[in-house]
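Coordinate analysis (summary)
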Amino acid sequence: MPLFEYRCLDCEELFETLVLNGEEAISCSSCQSVNIEKQFSPFGIKSEGEFSPSGHAGGGCGCSPTGCGCGVKV
């Protein structure tokens, strides 16, 4: 079951939620608004003892809602 990140367009709250098959409406965890936007969320992997976001080995790639330090545009 996938975990997604959202941003509320009414109160600007960032939150994660587990999305189940057939779930109808997702609402803000803070204000319960349904005026939300799904966020880009890079996944992380662990290989040979190092953690790298989105598979960028050797990393140093810090991502935010506006972009990533590794050149990935959001």
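Refer to the preceding data block for the structure.
These lines cover the structure that appears in this document, whether it is placed above or below. Fair warning: this is a prediction, and the values are worked out from it, not measured in the lab.

Let's shift gears to the overall build of the chain. A count of helical and extended segments in the chain gives 0 helices and 7 strands. Helices and strands in the chain line up, N terminus first, as β-β-β-β-β-β-β. Here the chain, with 74 residues, has 19% of them falling under the buried criterion. Taking the contacts inside the chain whose residues are at least 6 apart along the sequence as the reference set, 26% of them involve residues at least 24 apart. Carbon and sulfur atoms form 50% of the exposed surface of the chain, whose accessible area is close to 5,300 Å².

Overall, the coordinates contain 0 disulfides when judged by the stated rule. For Cys-28, which is in no disulfide, the shortest distance to another cysteine sulfur is to Cys-11 and amounts to 3.7 Å. On the basis of relative accessibility, which here comes to 1%, the residue Cys-28 falls in the buried class.

Considering all chains together, one arrives at 2 salt bridges under this definition. Ionic pairing is found between Glu-37 and Arg-7, a salt bridge with its closest N-O pair at 2.9 Å. Residue Glu-37 is found in strand 3 (residues 36-38), and its partner Arg-7 is found in strand 1 (residues 3-8); the two are separated by 30 residues along the sequence. In this structure, a network of salt bridges that share partners links the residues Arg-7, Glu-12 and Glu-37.

Now for the sheet that holds strand 1. Across the sheet, 3 strands lie side by side as 2-1-3; this open sheet has antiparallel pairing. Where the open sheet ends on each side, the last strands, each with one partner, are strand 2 (14-18) and strand 3. The mean inter-strand angle of the sheet, taken between neighbouring strand axes irrespective of direction, is 40 degrees. Here strand 1 runs beside strand 3; their pairing, made up of 3 bridges, is antiparallel. Residue pairing for strand 3: Arg-7 is matched across the bridge by Glu-37.

Here we take up the packing of aromatic side chains. The description of two aromatic rings rests on the distance between their centres and on the angle between their planes. Under the definition given, this model contains 1 aromatic pair. Centre to centre, the rings of Tyr-6 and Phe-15 are 5.8 Å apart; their planes meet at 25 degrees, and the pair counts as stacked. Here Tyr-6 and Phe-15 have matching classes, each one buried. The cationic tip of Lys-38 hangs over the ring face of Phe-4; the distance from NZ or CZ to the ring centre is 3.8 Å.

Each value, and the rule that gives it
Residues numbered from 1 in each chain as written. Predicted model: local features only at pLDDT ≥ 70, side-chain atom pairs only at ≥ 80, totals over all residues. Heavy atoms only, no water. Helix = DSSP H or I, 4+ residues; strand = E, 2+ residues; numbered from the N terminus. Buried < 20%, exposed > 50% of the residue type's maximum accessible area, 1.4 Å probe, protein only. Contact = heavy atoms within 4.5 Å. Areas by Shrake-Rupley, 256 points an atom, 1.4 Å probe, with all protein chains shown as cover. Disulfide = S-S within 2.5 Å. Salt bridge = Lys/Arg side-chain N within 4 Å of Asp/Glu carboxyl O. Pairing = 2+ DSSP bridges. Axes fitted to C-alpha atoms, helices over the stretch in contact; angles between N-to-C directions. Phe/Tyr/Trp six-rings, centres within 6.5 Å; stacked < 30°, edge-to-face > 60°. Lys NZ or Arg CZ within 6 Å of the ring centre and 35° of its normal.

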